[in-house]
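Coordinate analysis (summary)
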Amino acid sequence: MGGKRKKRTKIIKPKPKLPKTFECPRCGRIAISVEIKNGIAHIKCGNCGLSADIEVPPIFDEANAYGKFIDLYLDGKLEIKESNKEESINEGEDKQVHTTT
């Protein structure tokens, strides 16, 4: 008489995923990529060429390494490397083709 009992549907919430690219503190674009190998995080911006290598503990992931990079960048305690993108452009302008007439 009571009818058939309805099944409960279990709501499954998706786990949040960590981002793969981050915002650059210099140019403001989301172009920072982080690679961690052997306890050293190589951080590079694909837009402005900002790059740095920092030591991280083995338990750090990309988001933690990026956080440490931002802290060091804003405190001014970070040795920053520039990309060779601008140098290669300038070298091309310096080379001129000489023709003889």
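Residues numbered from 1 in each chain as written. Predicted model: local features only at pLDDT ≥ 70, side-chain atom pairs only at ≥ 80, totals over all residues. Heavy atoms only, no water.

**Description of the packing of aromatic side chains**
- As enumerated under the stated definition, the model contains three aromatic pairs in all.
- With centroids separated by 4.5 Å and ring planes inclined at 15 degrees, the aromatic side chains of Phe 22 and Tyr 66 adopt a geometry described as stacked. Here the residue Phe 22 occupies a position in strand 1 (residues 21-23), and Tyr 66 occupies one in helix 1 (residues 62-75), the gap between them amounting to 44 residues.
- When its relative accessible area of 7% is taken as the criterion, Phe 22 is described as buried.
- A centroid spacing of 6.1 Å and a plane angle of 35 degrees characterise the contact between Phe 69 and Tyr 73, whose relative ring orientation is tilted. Here Tyr 73 and Phe 69 lie together in helix 1, a separation of four residues that amounts to about one turn.
- With a relative accessible area of 1%, Phe 69 lands in the buried category.
- An aromatic cluster of three or more residues is present, and its members are Phe 22, Tyr 66, Phe 69 and Tyr 73. (Phe/Tyr/Trp six-rings, centres within 6.5 Å; stacked < 30°, edge-to-face > 60°. Helix = DSSP H or I, 4+ residues; strand = E, 2+ residues; numbered from the N terminus. Buried < 20%, exposed > 50% of the residue type's maximum accessible area, 1.4 Å probe, protein only.)

**Digging into the side chain of Ser 51**
- Looking at the secondary structure, you find Ser 51 in strand 4 (residues 51-55).
- The class of Ser 51 is buried, set by a relative accessible area of 10%.

**Describing the nonpolar core**
- Ile 32, Val 34, Ile 43, Ile 54, Tyr 66 and Phe 69 are the most contacted members of the largest nonpolar core, which totals 16 residues.
- Among the elements of the structure, strand 2 (30-37), strand 3 (40-45), strand 4 and helix 1 are those that each provide at least two residues to this core.
- At four residues, the largest contribution of residues to this core is made by helix 1.
- Not counting residues up to four positions away in its chain, the partners in contact with Ile 54 are Gly 39, Ile 40, Ala 41, Ile 43, Ala 65, Lys 68, Phe 69, Leu 72 and Leu 78. (Core = buried A, V, L, I, M, F, W, Y, C linked by side-chain atoms within 4.5 Å. Contact = heavy atoms within 4.5 Å.)

The values are spatial; any link to function lies outside them.
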